[in-house]
There are 6 protein chains.
Amino acid sequence: MRPDGRENPLQLRPIHIDTNYLKHPEGSVLISVGETKVICTASVEDRVPPFMRGEGKGWITAEYSMLPRATETRNIRESSKGKVSGRTMEIQRLIGRALRAIVDLNKIGERTVWIDCDVIQADGGTRTASITGAFVAMAIAMNKLQEAKKLPSFPINDFLAATSVGVMEENGVVLDLNYAEDSSALVDMNVVMTGSGEFVELQGTGEESTFSHSQLQSMIDAAQKGINELIEMQKQVLGDIALKIESRKGE
Amino acid sequence: MRPDGRENPLQLRPIHIDTNYLKHPEGSVLISVGETKVICTASVEDRVPPFMRGEGKGWITAEYSMLPRATETRNIRESSKGKVSGRTMEIQRLIGRALRAIVDLNKIGERTVWIDCDVIQADGGTRTASITGAFVAMAIAMNKLQEAKKLPSFPINDFLAATSVGVMEENGVVLDLNYAEDSSALVDMNVVMTGSGEFVELQGTGEESTFSHSQLQSMIDAAQKGINELIEMQKQVLGDIALKIESRKGE
Amino acid sequence: MRPDGRENPLQLRPIHIDTNYLKHPEGSVLISVGETKVICTASVEDRVPPFMRGEGKGWITAEYSMLPRATETRNIRESSKGKVSGRTMEIQRLIGRALRAIVDLNKIGERTVWIDCDVIQADGGTRTASITGAFVAMAIAMNKLQEAKKLPSFPINDFLAATSVGVMEENGVVLDLNYAEDSSALVDMNVVMTGSGEFVELQGTGEESTFSHSQLQSMIDAAQKGINELIEMQKQVLGDIALKIESRKGE
Amino acid sequence: MRPDGRENPLQLRPIHIDTNYLKHPEGSVLISVGETKVICTASVEDRVPPFMRGEGKGWITAEYSMLPRATETRNIRESSKGKVSGRTMEIQRLIGRALRAIVDLNKIGERTVWIDCDVIQADGGTRTASITGAFVAMAIAMNKLQEAKKLPSFPINDFLAATSVGVMEENGVVLDLNYAEDSSALVDMNVVMTGSGEFVELQGTGEESTFSHSQLQSMIDAAQKGINELIEMQKQVLGDIALKIESRKGE
Amino acid sequence: MRPDGRENPLQLRPIHIDTNYLKHPEGSVLISVGETKVICTASVEDRVPPFMRGEGKGWITAEYSMLPRATETRNIRESSKGKVSGRTMEIQRLIGRALRAIVDLNKIGERTVWIDCDVIQADGGTRTASITGAFVAMAIAMNKLQEAKKLPSFPINDFLAATSVGVMEENGVVLDLNYAEDSSALVDMNVVMTGSGEFVELQGTGEESTFSHSQLQSMIDAAQKGINELIEMQKQVLGDIALKIESRKGE
Amino acid sequence: MRPDGRENPLQLRPIHIDTNYLKHPEGSVLISVGETKVICTASVEDRVPPFMRGEGKGWITAEYSMLPRATETRNIRESSKGKVSGRTMEIQRLIGRALRAIVDLNKIGERTVWIDCDVIQADGGTRTASITGAFVAMAIAMNKLQEAKKLPSFPINDFLAATSVGVMEENGVVLDLNYAEDSSALVDMNVVMTGSGEFVELQGTGEESTFSHSQLQSMIDAAQKGINELIEMQKQVLGDIALKIESRKGE
């Protein structure tokens, strides 16, 4: 039995994705993965960073933050500290990189898609929930751009979702760790995969510990199972937009 | 007719206050004032800032922020800029000061109550919605402290709510301006009042304009009406906690 | 009897305004309000901030600072701390906003008038002394611009001065609080008004306290009296420049 | 043929590790991996960060930097920019985490070992060269501590080295990418392993691309081969210190 | 003839030192050296920086700043930029170091004397005017400490003043350069000397130029002459305090 | 006998200058002055800072840093502190100013030469070693520019080197102080001179002490001797490039 009552080590927590959660952004969702809740928005800006100007190509970049009381004890705001932590930077670089892997940047023109992932409640797996939610927000924003006839064709080539897997002292390999599990895991791995089952990012870390080749294999299998389920949910909430992605897969 | 369809210049927008919105904070609400939505949390820390240590007295302080895409166009995060704007500082100082006016700080012991107001969607009046919502979150947190037998008696002396009033070129004095009204108002005034009808804070500003004594009087009357209605709603959502405050009023 | 010997609660402290105090700025004064002394300068720059370019309109902005030993105990410089405090930001935003209310920005062309208020000695009321002094410095600078034939007509529409009022535990409503009074006042209100008796800004704050409608009225009356006297002094030191403003009043 | 003349895709670049390169640090090396050169130092401080005090346990932390002209074009110093980049933070967090995995922190007492990796010349693989070199510098410093009778027993449990692998458009999987290869690789993976062949960290990233299960397997095999060779070199330069580690392996 | 009308290259500008210029600081002066005007204050704090605690010894440190419009064109405030410039740091380190050279720090106990030099009008030589003025402000503060029976004996061992000398293309060696001279000088040298004619600091700089041994000698002679005159003025304004310093000279 | 075994107070430490130490920069050296080791690089950028654009003239600027463990105890990185210390700023301003004194900036076109001095091991005299080494790195870079036909003629007018001198309690005047000497010197002076024996910079400081005219003279004589020897070494390592400088001397 897992700390939040799940009976199966390879079971995801309950997932909900509320689309169009906010009125201003081009795309937005509120994603819940168990008790972890993240507002993901996609904002389209009609220009690219200076280093990319004139190439006719777009850019996708992400920012991540937590409300101060998303966690058990209150965190000092990064705006008050005057700097962004290393952890935040790592996460937002990961989100941006992951999304860029399944978008054809040449198709979005000289535009920047800003992804904002704001965690309003944290219970482990905030970075993977952010990626899974941000994909949906971005797909909605891209669809809006296409419907406004601003794109030559739909620029998203595949689905994209992420989950965490880990190795626990007693339970062995588990899928989708909540905070209690994450705190005591020997190994922690985040996996980002596409709808076609390809890896986009794999980050496995021994926490003052190490892991073997066979543990790696079991973790990857567990992650694959979880990501397949997450992508099914993305398809449901995206409806017709999912069909556009489906039709492009493999291109 | 007002931009959002209200027919009466002295009509508030629809108000909703969802209490216990998040699981970690001692008190939390999601307040909606029309399309303006703010998550307000109250976090209790068992110590006070260095300058107050040893006085046996508590402190209440507030922080305010907006999600980057709470607004029509995306704002750069203050954590990325590395500093908090003057507007943010003004607002968070106002929220803290207002709440301290109706709390007996001697009764909460050497504790700090951190108020966090995070605007997830902005449509005018975010600072007054923050105060109205933060009051409720704080009352819930204080009640939790009291139920845990940590307080000698209930420390909140009165209700507290805030609203905006303004002078429009065509419509004259209006209550509870949305963003469209706020942008074109000649005069903008924020009023914070108690349940007993006393002023806590009054901030009126001519926007490249000025206002007369009689306009001031009309704005104050409008604000008084709105605040009475807001306090009625606070009483409803607070239930038994409201009775505790009621019984202390005037002390 | 008040702490500095004034016998009347509605009496201003002695006011001195030395014009052309420094040689480099287009306009400058040293204003003394009792023991509070502020150097106010107005600097004209031949361009506007990026967000205003191409509109053919000018801008007025203010900065405020205190020498480290303007106060009873030495303050750390904001340049050493690497950031400007919330209090400083509030004050400099107030000064800029107040001055913009009585200037026709279309008449000054694409220029920025920088107002700098540097408190060299503080004894309460530094923000209101800054506004009263900055108005004079700005008027001198505008006159210099007009004499250099750079303006179509005189751009200042009215006089502008500011003072503080408050409610004391024993003395009731008092005008122009010095530091000792300010520290123990129950209510503190800053009022900015024009020569025509219109409000530009009204900021009343209960300091862990509240105030009634009738106290508000008494404070406003006191402020009005003080501001009338301050504007008389501005007229004296401005001489012929005052006549230019006089002739425009009401336009 | 690879850009730097290596004929085998699974061949490491020439490695040199000069030990005791600097006179002040407890441990120091200059490591060269091809044209990549990093000064790695280990400094022992007799206290731990505040969050660890009183636990009787030590800490290992790392900082990473590049000389401005370590690269083809000059980079602005992070000290001049006033902040550390996300890339730097990611790398220094990785180095510290990797080293902590093979040290028994309980054995070093309340001490911090600061690892500094300063890249003086960069040609790809600076983070993996830093880990491989830092391990040697740390072992030397630990040995010095032990010889000074400050440790109960030797605290390093295993060897540790790191390398990069990648997938190239034409050459397929390659080991130890130089800068030219790194810039055009489809997939980039950094692997940190122990002398026992266990994983400590695995970070694979598709660069606007994805990778399959079988490519992952090939990359891991290549990394394993390279790391074995690197650890052989560490053993040679460490001499007797290597025997101490060897005797502890598996504990 | 020099740009400001002085006929002699070895003539100082008119000097005025107003003592006790501000009411709060323990010592304060307004010093004018020609058109250069600096407010110098000395503030006594009853503790020393952490690195000196427990040694029974005091510390003297200085800060320097310019009002934004002290100069011909307005400078951005260092508090707005969020950092102190290299020029400011150089100057404030120089002022502190110079004053420490003639004070017996053991005699002032564990106290810090903060020197603040705020330039309100600049016309060349602001750093040397700051030192000359700060010496007087510090002497007044030390005298106040001694009169309050807080010191074992008077801690200032000698007088201290500073001036600038330079080499001009046409006029050769000149004393006490104003801004116009400073801008076109080939060599610029600041000299700090004691009342006994010993050097405390000598900083000579060729401005995209060099200087010979004989030019150096002429500059030193000129500086000596100027500093003797400055110290005479210090003696006059210090009155009885000067006698205390006089009686300690040589100790 | 001096702390590092030198028998003569006017003897330099052993000097080594390794040219072309790094592969990327246009010019680079590793200079050792005794145990002090500095990597000096010269990087050419094809543009000048904004304030110089359009003048057809070049610029030379320097940055200086120490590795954290260049010193006996580890220093916190300035990038981690988020700001550059006053000491660093003083040194890098000195290096840049010194080099500009012997270069004809009109001859290098609108280019910036960035000098980076990174101290990898410190034992006193790091700033003077930096200047002596940076001169050589810059000469190599200028030669490369000339060989690429980018300059009208060789732009360096003279040799340039720097050393430190000081006054010790027991040994009197000494040349080229190591760290042990520097820490206990009564007077510390840095001298920068040209190959023609002209001064470029002279900075003498009494360390809570003062110095006489005759001590100044002895220090200058010692510095002159040391600088002559340093310039001889520069000539040797520069080979043919030295001849180019020689032929321009006096122009």
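The rules behind each value
- Residues numbered from 1 in each chain as written.
- Chains lettered and ligands numbered in written order.
- Predicted model: local features only at pLDDT ≥ 70, side-chain atom pairs only at ≥ 80, totals over all residues.
- Heavy atoms only, no water.
- UniProt positions renumbered as here; feature names shortened; annotations may be inferred.
- Contact = heavy atoms within 4.5 Å.
- Buried area = accessible area lost by both parts, 1.4 Å probe.
- Salt bridge = Lys/Arg side-chain N within 4 Å of Asp/Glu carboxyl O.
- Polar contact = N/O pair within 3.5 Å; in protein donor to acceptor, adjacent residues only side chain to side chain.
- Helix = DSSP H or I, 4+ residues; strand = E, 2+ residues; numbered from the N terminus.
- Pairing = 2+ DSSP bridges.
- Least-squares fit on C-alpha atoms with pLDDT ≥ 70 in both.
- Axes fitted to C-alpha atoms, helices over the stretch in contact; angles between N-to-C directions.
- Buried < 20%, exposed > 50% of the residue type's maximum accessible area, 1.4 Å probe, protein only.
- Parallel < 35°, antiparallel > 145°, perpendicular 65-115°, else oblique.
- Left-handed = near helix turned anticlockwise from the far one by under 90°.

Looking up chain A in an unreviewed UniProt entry gives the name Ribonuclease PH, with the organism given as Falsibacillus albus. Checking UniProt for chain A, the heading Catalytic activity (unreviewed entry) contains the comment "tRNA(n+1) + phosphate = tRNA(n) + a ribonucleoside 5'-diphosphate". Its UniProt record gives chain A the following Sequence similarities (unreviewed entry) comment, quoted word for word: "Belongs to the RNase PH family."

Undergrad: I'm lost on the interface of chain D and chain A in this one. Help?
TA: You'll often see interface size given as the accessible area lost when the parts meet. Contacts between the two partners involve 35 residues from chain D, matched on the other side by 35 residues from chain A. Summing both partners gives a buried area of about 2900 Å² for chain D against chain A, and 52% of it is carried by carbon and sulfur. Sorting the residues of chain D by area buried against chain A places F199(D), E208(D) and H213(D) first, and these three jointly supply 20% of that buried surface. The tally of links between chain D and chain A comes to 2 salt bridges. Two residues, R93(A) and E90(D), come together in a salt bridge whose shortest N-O distance is 2.6 Å. Applying the counting rule to chain D against chain A returns 14 residue pairs in polar contact (both at pLDDT 80 or more). Elements that contribute at least two residues to the side of chain D that touches chain A include exactly α2 (86-100), β8 (187-194), β9 (199-206) and α5 (213-238) of chain D. Judged from the 5 bridges that link them, strand β9 (residues 199-206) of chain A and β9(D) form a sheet pairing that is antiparallel. For G204(A), the partnering residue across the bridge sits in β9(D) and is L202(D).

Undergrad: Would you take a moment to explain the UniProt feature "domain: Exoribonuclease phosphorolytic" (unreviewed entry) in chain A for this structure?
TA: Residues and elements named next belong to chain A. Mapped onto the present numbering, the UniProt feature "domain: Exoribonuclease phosphorolytic" (unreviewed entry) falls on residues 11-141 and 159-226. Secondary structure across residues 11-141 divides into 27% helix and 31% strand, with the first and last C-alpha atoms of the span separated by 31 Å. In residues 159-226, the share of helix is 29% and the share of strand is 43%. The end C-alpha atoms are 14 Å apart.

Undergrad: What's the story with the relation of the copies chain B and chain C in this structure? I'm lost.
TA: Here two copies of a chain appear, and what relates them is a rotation about an axis with a shift along it. For the pair chain B and chain C, the relating rotation is 180 degrees, the translation along its axis is 0.0 Å, and the fit reaches an RMSD of 0.0 Å. Interpreted geometrically, this transformation is the action of a two-fold axis. Within chain B, Q203(B) has its C-alpha nearest the rotation axis, a separation of 2.2 Å. Comparing interface residues between copies, 100% of those in chain B also sit at the interface in chain C, which points to an isologous, same-surface contact.

Undergrad: What is the right way to read the sheet that holds strand β3 (residues 36-45) of chain D from this model?
TA: Think of a sheet as strands paired side by side through backbone hydrogen bonds, with each pair either parallel or antiparallel. All names here are of chain D. Judged by pairing direction, the sheet is mixed, and its 5 strands sit side by side in the order β1-β2-β3-β5-β4 without closing on themselves. Among the strands making up the open sheet, the edge pair consists of β1 (15-19) and β4 (59-66). With strand direction ignored, the average angle separating the axes of adjacent strands in the sheet is 15 degrees. Where β1 meets strand β2 (residues 27-33), 5 bridges bridge the pair, whose relative direction is antiparallel. The residue of β2 that forms the bridge with T19 is V29.

Undergrad: Please explain the interface of chain B and chain C as it appears in this structure.
TA: With 35 residues of chain B in contact, the opposing surface of chain C contributes 35 residues. A buried area of about 2900 Å², summed over both sides, lies between chain B and chain C, and 52% of it is on carbon and sulfur atoms. In this structure, the connection of chain B to chain C is made through 2 salt bridges. Counting every contact that joins chain B to chain C gives 14 residue pairs in polar contact (both at pLDDT 80 or more). Elements that contribute at least two residues to the side of chain B that touches chain C include exactly α2 (86-100), β8 (187-194), β9 (199-206) and α5 (213-238) of chain B.

Undergrad: Mind showing me how you'd approach the side chain of R2(F) here?
TA: Residues and elements named next belong to chain F. Mapped onto the fold, R2 is located in the segment before β1 (15-19). Exposure remark for R2: the relative accessible area of 3% places this residue in the buried category. A distance of 3.3 Å separates a polar atom in the side chain of R2 from the backbone oxygen of Q11. Residues contacting R2, with those up to four places away along its chain left out, are N8, P9, L10, Q11, N171, V174, L175, D176, L177 and E181.

Undergrad: Explanation requested: the relation of the copies chain D and chain A in the structure shown.
TA: With an RMSD of 0.0 Å, the fit of chain D onto chain A corresponds to turning through 180 degrees and sliding 0.0 Å along the axis. Both copies contact each other with a shared surface, as 100% of the interface residues of chain D are interface residues in chain A too.

Undergrad: Whenever I open this one, the sheet that holds strand β4 (residues 59-66) of chain C confuses me. Can you help?
TA: All names here are of chain C. One open sheet holds the 5 strands; their spatial order is β1-β2-β3-β5-β4, and the pairing between them is mixed. A single partner strand is all that each edge strand has here, and the edge strands are β1 (15-19) and β4. Direction aside, neighbouring strands of the sheet carry axes that sit 15 degrees apart on average. Summarising the sheet, strand β2 (residues 27-33) and strand β3 (residues 36-45) pair through 7 bridges and their orientation is antiparallel. Bridge pairing links V29 to C40 in β3. Along the sheet, helix α2 (residues 86-100) makes contact with β4 and β5 (112-121), crossing β4 at roughly 145 degrees.

Undergrad: Got a minute to help me understand the environment of I95(A) in this structure?
TA: Residue and element names in this part refer to chain A. Residue position: I95 is located in helix α2 (residues 86-100). Placed 68 residues apart in sequence, I95 and T163 show a C-alpha to C-alpha distance of 12 Å. Contact partners of I95, with chain neighbours within four places excluded, come to A62, Y64, I115, C117, S130 and I131.

Undergrad: What should I look at first to understand the packing of helix α3 (residues 126-147) of chain E against helix α5 (residues 213-238) of chain E in this one?
TA: Geometrically, a packed helix pair is captured by the angle between its two axes and the distance between the axes. All names here are of chain E. At their nearest, the axes of α3 and α5 sit 11 Å apart, and the two run at 30 degrees to each other. As the angle between them shows, α3 and α5 are arranged roughly parallel. Considering only the axes of α3 and α5, their crossing is right-handed. The residues of α5 that touch α3, namely those facing T132, F135, V136, A139 and I140, are L230, Q234, V237 and L238.

Undergrad: Help me understand the pattern of salt bridges in this model?
TA: Close approach of charged atoms lets side chains of opposite charge pair. Residues and elements named next belong to chain E. On inspection of all chains with the given rule, the structure shows 120 salt bridges over all chains. One salt bridge in this structure joins K235 and E246, with 3.6 Å as the shortest N-O distance. With K235 in helix α5 and E246 in helix α6 (residues 240-248), this pair connects stretches of sequence that are 11 residues apart. Overall, the relative accessible area of 23% leaves K235 in the partly exposed class. The class for E246 is partly exposed, based on a relative accessible area of 35%.

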